[in-house]
Amino acid sequence: MARRKSTSHSISKRNPTGRGTGAAPANNSTGELRIIGGDWRSRKLRFPDAGGVRPTPARTRETLFNWLNFHLAGSDCLDLFAGSGALGLEALSRGATGATLVDHTPALAKALRDNLRVLKSTAGEVVCSDVESYLRQRNRTPFDIVFMDPPFRQGWLEKLFPLLDEQGWIKSGGWVYVEHESELPTPAVPGSWHLHRQKSAGQVTYCLFRKAIDPE
């Protein structure tokens, strides 16, 4: 994941990395991210410095994927505000069978597609769209895991939590990972979501929620 600075000097986004061999695409990129685990471990990918995207610390990513360790294999993931794609690509490296990466910046979307080609992966789908517009109409099956690291201090989580729930984007028993500024409390979540893990590091608080399992 890589962080994207907002206009109020806050951070929030993600970073990428890859598998196998092959050079990173030449996109006049100025950012680099290293995948830290799985089949593509230690692969380095580049992404353009569009929208102030900056990598999330490797330690934070390692903590997240330790939390999800037993739930990644065979999962279908959604990476919102994908930026450099670090979370979605890391999930694919660690055994997810699919990842949809959504970002509204054309240069970042192009870099994500290029990096998937470098990794020789057909398991990732890139959607160049505003996240709120994307979530307003679900036209596919729900996801097992949703990653969400929006720009800070713009009220995104308060808007998107209800959309994720009302539009049925998350499977029964699915997971939602969220990052937000530590200076603010975690916004209220839908009643079916339960906090599984939470940790703060500097300016960032990161939380993992689980959606309740539907009764038989």
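Residues numbered from 1 in each chain as written. Predicted model: local features only at pLDDT ≥ 70, side-chain atom pairs only at ≥ 80, totals over all residues. Heavy atoms only, no water.

Novice: Explain the overall build of the protein to me, and be specific about the residues and the numbers.
Specialist: Helix and strand counts for the protein come out as 5 helices and 11 strands. For the protein, the residues scored as buried account for 56% of the 216 residues in total. The long-range share in the protein, meaning contacts at least 24 apart out of those at least 6 apart in sequence, stands at 67%. Roughly 9,500 Å² of accessible area belongs to the protein as shown, and the carbon and sulfur atoms make up 48% of that amount. (Helix = DSSP H or I, 4+ residues; strand = E, 2+ residues; numbered from the N terminus. Buried < 20%, exposed > 50% of the residue type's maximum accessible area, 1.4 Å probe, protein only. Contact = heavy atoms within 4.5 Å. Areas by Shrake-Rupley, 256 points an atom, 1.4 Å probe, with all protein chains shown as cover.)

Novice: Quick rundown of the pattern of salt bridges? Include the residues and the values.
Specialist: Here the structure, examined in full by the defined rule, presents 11 salt bridges. Close ionic contact of Lys 171 with Asp 144 constitutes a salt bridge, the shortest N to O distance being 3.4 Å. Remark: Asp 144 occurs in strand β8 (residues 143-148) and Lys 171 occurs in strand β9 (residues 170-181); sequence separation between them is 27 residues. Relative accessible area serves as the criterion here: at 32%, Lys 171 is assigned to the partly exposed category. Here the residues in one salt-bridge network are Arg 61, Glu 62, Glu 90 and Arg 94, joined through shared partners. (Salt bridge = Lys/Arg side-chain N within 4 Å of Asp/Glu carboxyl O.)

Novice: An account of helix α1 (residues 58-67) is needed here, citing residue identities and associated values.
Specialist: Along α1, the residues that are buried comprise Thr 60, Arg 61, Thr 63, Leu 64, Phe 65 and Trp 67. Turning to α1, the residues buried within the fold contact β2 (31-34), α2 (86-93), β8, β9, β10 (193-201) and β11 (204-211).

Novice: So what's going on with the packing of aromatic side chains? Residues and values would help.
Specialist: On inspection of all chains with the given rule, the structure shows 8 aromatic pairs. Ring centres of Trp 193 and Phe 209 lie 6.1 Å apart, and the angle between their planes is 45 degrees; this geometry places the pair in the tilted category. Residue Trp 193 is located in strand β10, and its partner Phe 209 is located in strand β11; the two are separated by 16 residues in the primary sequence. On the basis of relative accessible area, Trp 193 is assigned to the buried category, the value being 5%. For Phe 209, a relative accessible area of 5% translates into the label buried. Put simply, the rings of Trp 67, Tyr 177 and Tyr 206 touch in pairs and so form one group of aromatic residues. (Phe/Tyr/Trp six-rings, centres within 6.5 Å; stacked < 30°, edge-to-face > 60°.)

These results come straight from atomic positions and should not be treated as a statement about function.
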